[in-house]
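# Per-entry structural report
The primary structure of each chain is shown beneath.
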Amino acid sequence: MDVRQSIHSEHAKQLDTTQLRREFLIEKIFEADQYTMVYSHIDRIIVGGVMPLAQTVTIGTEVGKQLGVSYFLERRELGVINIGGAGTITVDGQCYEIGTEEALYVGKGARDIVFASVSADKPARFYYNCAPAHTTYPTKKITPADASPQTLGDPATSNRRTINKYMVPDVLQTCQLSMGLTRLEEGNLWNTMPCHTHERRMEVYFYFDMDEDTCVFHMMGQPQETRHIVVRNEQAVISPSWSIHSGVGTRRYTFIWGMVGENQVFDDMDHVAAQDLR
Ligand SMILES: O=C[C@H](O)[C@@H](O)CC(=O)C(=O)O
Ligand SMILES: [Zn+2]
């Protein structure tokens, strides 16, 4: 388990490229037949991926001691979105078929969570966020049709995109986790611009659907003290509550956003005008 400490904005603004990447970037989300796990002290979110090939992968089998619990989801909830081929997630014996861009919410208290791909040639790629939880809400599969797609932006500002809200209060109950998937249309490069912060929540962006030559300049930092991190396919960036989170790609891309913290009000953002950015 890779542990990332919380970081103060006054510290973060002194970091160089390597140090920024070490604190905020998650370079490898998917490893064959394994789960990856990054534990952030910011709201204690856990971020990672599961990519089963020939065998099944059970998540969190070795982390009980580090988390001080007897099993992974003893005091946590889990959100998973599959960006790969068809797969299954078996939760305490109940099997859910999770196809491409389908999702599963797993409530607190589930003991045994087993991931599998239908075909090793086109493996499932399960991206997940996991957060502390105070109660159990039902485990539920979510399809793109449930995710109330919302298209916004304009080609003139290169930000025409569709936001799919998979895990928000309108779709299902969670303790604090929200997750969704935003897809940019061809020729559109900017996400989340005009940008925002939300003092009340932290957020993680996971960029994918990019070829090798494509990268995204992910914008971060306080609005008056911005920095960037160059992100490649299937990498994630941690955004503290004081940081903007926005990006511009060398070509279109897709990303998954996940938030934890104080509230679950999606529109509760502190918007930053372009004139105010530094
Ligand atoms: O707080 C909300 C998150 O930053 C994202 O949902 C924004 C986003 O997907 C977009 O504008 O493209
Ligand atoms: Zn946000």
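Residues numbered from 1 in each chain as written. Chains lettered and ligands numbered in written order. Predicted model: local features only at pLDDT ≥ 70, side-chain atom pairs only at ≥ 80, totals over all residues. Heavy atoms only, no water.

How we decide: UniProt positions are given in the numbering used here, feature names are shortened, and annotations may be inferred rather than shown by experiment.
Looking up the protein chain in an unreviewed UniProt entry gives the name 4-deoxy-L-threo-5-hexosulose-uronate ketol-isomerase, with the organism given as Enterobacillus tribolii. UniProt annotates the protein chain under Function (unreviewed entry) with the comment "Catalyzes the isomerization of 5-dehydro-4-deoxy-D-glucuronate to 3-deoxy-D-glycero-2,5-hexodiulosonate." Quoted verbatim from the Pathway (unreviewed entry) field of UniProt, the annotation for the protein chain is "Glycan metabolism; pectin degradation; 2-dehydro-3-deoxy-D-gluconate from pectin: step 4/5."

## Brief notes about the UniProt feature "binding site: Zn(2+)" (unreviewed entry) in the protein chain
Rules: Cavity means a closed set of points on a 1 Å grid over the protein atoms alone, one where a 1.4 Å probe fits but cannot get out, pocket means an open set with protein on both sides within 12 Å along at least 5 of 7 lines, and lining means a residue has an atom within 4 Å of a point. Each helix corresponds to a stretch of at least 4 residues labelled H or I by DSSP, and each strand to a stretch of at least 2 residues labelled E; elements are numbered beginning at the N terminus. Should any heavy atoms of two residues lie within 4.5 Å, those residues are considered in contact. Residue exposure (1.4 Å probe, protein chains only): buried if accessible area is under 20% of the type maximum, exposed if over 50%, otherwise partly exposed. For the purposes of these results, a polar contact is taken to be a pair of N or O atoms within 3.5 Å, where, inside protein, one atom must be able to donate a hydrogen and its partner to accept one; residues adjacent in sequence count only when each atom of the pair is a side-chain atom.
Those residues carrying the UniProt feature "binding site: Zn(2+)" (unreviewed entry) are His196, His198, Glu203 and His245 in this numbering. Spanning 50 residues, the annotated positions come together in the fold, the maximum distance between their C-alpha atoms being 11.5 Å. Of the annotated positions named here, the largest pocket is lined by His196, His198 and Glu203. Counting through the fold element by element, His196 comes out in strand β17 (residues 196-197). Not counting chain neighbours up to four residues away, the residues in contact with His196 comprise Glu203, Ser243, Ile244, His245, Met269, Asp270, His271 and Val272. By relative accessible area, His245 is classed as buried at 1%. What His245 contacts, discounting residues up to four positions off in sequence, is Asn191, Thr192, His196, Thr197, His198, Glu203, Tyr205, His218, Met219 and Ser239. In this structure the side chain of His245 is engaged in a polar contact, spanning 2.9 Å, whose partner is the side chain of Glu203.

## Observations concerning the side chain of Thr162
Tracing the backbone through its elements, the reader meets Thr162 in strand β14 (residues 161-167). Polar side-chain contacts of Thr162 include one of 2.8 Å to the side chain of Thr151. Setting aside chain neighbours within four positions, we find Thr162 in contact with Pro149, Gln150, Thr151, Leu181, Thr182 and Arg183.

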